[in-house]
Amino acid sequence: MTIMARGAVAGSVAAAGFGDADEVLREVLRRTEASYLAAGDDLVASVDLLRLLGGQFDRLRVTFGPENGDRLAALIDGTRDHVGQVQAGFDSFLAASDSLRLAVRGVRVEVADLDRVVRTIANVSINARIQGNGLIPPRPQVTAFIERLAVMAAEAEGILAEVREAMSVIGADMAAMEEVTQELREELGHRVLPALGRFGRVAEGVLSRQGELARTNAALAGQMEMIDADVARLVIGLQSGDATRQRLEAVRGILAEARSGDRDEALLLELTQALVAHAVETAGAEIAVSVRTAESVRAEAEQTVAKARSFYLAPAASTGGVEAFDGALDRVRGRLDEMRQRAVDLRERLGTILKHETALRQIGHQVRLSGLNAVLICAKLGEEGRALRELAQWLRTLTDESDAIVLRLQEVLGRTAALADGLGGDRIAGLDAALQGFFADAGSLGAVMADIGQGRGDAARLFDAAGQSLPLRLRQAEQHLLRFQLLLREMAFVDAALAARRAMLGPRPPLDAEGAARMLALRKGYTMQSERDLHDRIVGGALASGVEGAALAVAAAVPTAPVAAGDDLDDILF
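Conventions used here
Residues numbered from 1 in each chain as written. Predicted model: local features only at pLDDT ≥ 70, side-chain atom pairs only at ≥ 80, totals over all residues. Heavy atoms only, no water. Helix = DSSP H or I, 4+ residues; strand = E, 2+ residues; numbered from the N terminus. Buried < 20%, exposed > 50% of the residue type's maximum accessible area, 1.4 Å probe, protein only. Areas by Shrake-Rupley, 256 points an atom, 1.4 Å probe, with all protein chains shown as cover. Phe/Tyr/Trp six-rings, centres within 6.5 Å; stacked < 30°, edge-to-face > 60°. Expected span 1.5 Å × (residues − 1). Arc of directions from axis to C-beta. Core = buried A, V, L, I, M, F, W, Y, C linked by side-chain atoms within 4.5 Å. Contact = heavy atoms within 4.5 Å. Salt bridge = Lys/Arg side-chain N within 4 Å of Asp/Glu carboxyl O. Axes fitted to C-alpha atoms, helices over the stretch in contact; angles between N-to-C directions. Parallel < 35°, antiparallel > 145°, perpendicular 65-115°, else oblique. Left-handed = near helix turned anticlockwise from the far one by under 90°. Nonpolar A, V, L, I, M, F, W, Y, C, P; charged D, E, K, R; others polar. Polar contact = N/O pair within 3.5 Å; in protein donor to acceptor, adjacent residues only side chain to side chain. pLDDT = per-residue confidence, 0-100.

Section: the overall build of the chain
Assigned secondary structure in the chain consists of 13 helices and 0 strands. Scored against the burial criterion, the 574 residues of the chain give a buried share of 44%. Accessible surface for the chain amounts to roughly 27000 Å². Of this, 56% is attributable to carbon and sulfur atoms.

Dropping the structure here:
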């Protein structure tokens, strides 16, 4: 909008039907007060907005400050360490799981060998019974050996049936543990750990931008402080409106004295014209400065707020949210608990097998002794007992093999039990502790990052609102000041009316004593020294000789009471 267009909006006083000089003055005074009050309201609102923005800058200064940056860096280091511990704990867990699986496979191999030997012994028992039944007449010692062997073989098979049952359950446990391990490998290895790495990289990215954010925030804050100072000067400058009001009221006061037919009418009209010219000139210079300042401040505010909006509204890197890991953590911990329980169950199954080790040893020892006795008995039988003797010798070989298998089984069972204890205890506990440690630090880190994001979000919303309100308020204040600037042109109608009236009067008569006293009284009514000086120049030109001149000289010589600096309305805020 151009100045002329804005003038049209303000409206001409004369065009509105105010033809008389006093009426025009009264309307100019009303509009002056309205313009400055409206400008004051907009500037006060601008000051409030600037204070609000200043508080936001102070909060951002803390958010982006070195103390928060140090805390962020420490949390990132701690989180990075925990990520390493989680990775190491998971690797250790997988290694322990693989070792346990291999150990159980070794148990299965030894149990299968033991099953083979026990079944062979049972077959030998059957063959021994067949051979013993073929002896004529029957030999009581051979029959006793066969019976004992059958009992021991049956007992060994019963124990082995329990072992096989335990191994069957262990197989199911291991299959379930393998399934859990695969799920953990998928959850932790393919989802959680990569997500933790991304989270750490995002946090490092936030930290790396802290310096840039702090510098940009400080620069924007500095620009806003300068705008705030300029607006404050504009507010102080509004006192010129009050000074203009006082000058125009003084003009109205003098004009009211210039009644038609008054002896001093010409002088009073000249004085009124001079005061009008002085008021317009002074107010024009002051309002020109205010308008230029308002335009500059408004333009600077628009640029700064736009820059701040662009900066704070820029999308920040998403943290992915620590809460995004909550579900994964619950799933992982649930699987770890399941794995821990299965390891405990596996340990119990291994204990079931291990507790039969002594019984198997004793059976093997008794079978060996019975075999030795059978060999001696069959040796006395000669050729008739040869087949039984060979079976008895084979039993001794089988029991030796059985003892070796039981020894190996004992060793592999102990190793497997230790691995199951380690997996269900230290390995899972270590991984769980590493995960808990990560989530503790990551929670704090996420909170700091959320605060940073919240700070930027709050700033973005505030600057988005201020981007519309602050420039609008400053533009409105500028419009009101421009209206007053254009309003001063209306004083030309007053000047023209005064000039026309003065032209009708002819030369002014010299002042008499009464007129001099009157002028002195009017002079005392001024509130500004510049008005008194102007009055003295105009009235001084009316000095004449004679009694009137002497009276005027005496009146002019009477000192007026000095006006205290505090009473000069030039210093009164509008």
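Some remarks on the packing of aromatic side chains
If you walk through the whole model with that rule in mind, you get 1 aromatic pair. Where Y36 meets F484, the ring centres are 4.9 Å apart and the plane angle is 70°; that geometry is what we call edge-to-face. Of the two residues, Y36 is situated in helix α2 (residues 21-63) and F484 in helix α9 (residues 386-487); the sequence distance between them amounts to 448 residues. You'll find Y36 and F484 in the same group, each marked buried.

Section: helix α12 (residues 529-540)
Helix length check: α12 (12 residues) gives 16 Å between terminal C-alpha atoms against 16 Å at 1.5 Å per residue, within 8%. By the burial criterion, the buried members of α12 are E531, R532, L534, H535, I538 and V539. The buried residues of α12 all sit within an arc of 165° when viewed along its axis, so they share a single face.

Looking at the nonpolar core
Among the nonpolar cores identified, the biggest contains 78 residues, and M224, V231, Y312, F463, L470, L481 and V494 are the most heavily contacted of them. The biggest single contributor to this core is helix α6 (residues 265-313), with 18 residues. When near neighbours in sequence (up to four residues on either side) are disregarded, F463 contacts L53, F57, M224, V305, A308, R309 and Y312. V142, F145, V332 and F439 belong to the second-largest nonpolar core, a separate cluster that totals 68 residues.

A word on the pattern of salt bridges
Any two side chains of opposite charge can pair, on the condition that their charged atoms come close. Scanning the entire structure with this criterion turns up 31 salt bridges. A salt bridge links E249 to R245; the shortest N-O distance between them is 3.2 Å. In this pair, E249 and R245 both sit in helix α5 (residues 239-257), 4 residues apart, roughly one turn of the helix. Of the charged contacts in the structure, one is a salt bridge between R415 and E411, with a shortest N-O distance of 3.9 Å. One end of the pair, R415, and the other, E411, are both in helix α9, 4 residues apart, so they sit about a helical turn from each other. Residue classification places E411 among the exposed residues on the basis of a relative accessible area of 54%. Several salt bridges share partner residues, and in doing so they unite D173, E183, R335, E338 and R342 into one network.

Remarks on the packing of α2 against helix α10 (residues 491-503)
One can describe the packing of α2 onto α10 by two numbers: an axis separation of 9 Å at closest approach and a directional angle of 160°. When the axes of α2 and α10 are compared, the pair comes out roughly antiparallel. Every pair of crossing elements has a handedness; the one defined by α2 and α10 is left-handed. Listed contacts from α10 to A21, V24, L25 and V28 of α2 are M491, V494 and A497. A class-by-class count of the residues in the contact of α2 with α10 yields 7 nonpolar, no polar and no charged.

Considering the side chain of D42
Following the sequence through the fold, D42 ends up in helix α2. Within the local environment of D42, its side chain forms a polar contact with the side chain of Q476, the two groups lying 2.9 Å apart.

Quick word on the environment of L505
Among the structural elements, L505 can be located in the loop between α10 and α11 (513-524). Separated by 236 residues in the primary sequence, L505 and L269 place their C-alpha atoms 10.0 Å from one another. Those residues in contact with L505 that sit more than four places away from it in its chain are E265, A266 and L269.

Side note on the packing of α11 against α12
Two numbers describe a pair of packed helices, the interaxial angle and the distance between the axes. With their axes 10 Å apart at the nearest point, α11 and α12 run at an angle of 165° to one another. As summarised for this structure, α11 and α12 are arranged roughly antiparallel, according to the angle between their axes. Crossing geometry of α11 relative to α12 is assigned as right-handed. Across the interface between the two elements, M519, L522 and R523 from α11 touch R532, H535, D536 and V539 from α12. Residue classes in the contact of α11 with α12 are distributed as 3 nonpolar, 1 polar and 3 charged.

A short note on α5
Relative to the 27 Å expected for 19 residues at 1.5 Å per residue, α5 spans 28 Å between its end C-alpha atoms, a close match to the ideal helical length. Among all positions of α5, only S240, G241, D242, A243, T244, Q246, R247, L248, A250, V251, I254 and L255 are buried.

Section: the environment of A343
By the secondary structure assignment, A343 is in helix α7 (residues 326-355). With 243 residues separating them in the primary sequence, A343 and L100 have C-alpha atoms 9.7 Å apart. Beyond its immediate stretch of four places on either side in the chain, A343 contacts M177, A420 and G424.

A word on the environment of T527
By the secondary structure assignment, T527 is in the loop between α11 and α12. When the C-alpha positions of T527 and R247 are compared, they lie 8.5 Å apart, and in sequence the two are 280 residues distant. Side chain to side chain, T527 and Q246 meet in a polar contact 3.2 Å long.

Quick notes on the confidence of the model for the chain
Per-residue confidence for the chain gives a mean pLDDT of 76; residues scoring 70 or more make up 82%. Note that residues 1-10 has pLDDT below 50 and, in this model, 13 contacts with residues that lie over four places away or in other chains. Every residue in residues 543-574 scores below 50 in pLDDT, and together they form 41 contacts with partners more than four places removed in sequence or on other chains.

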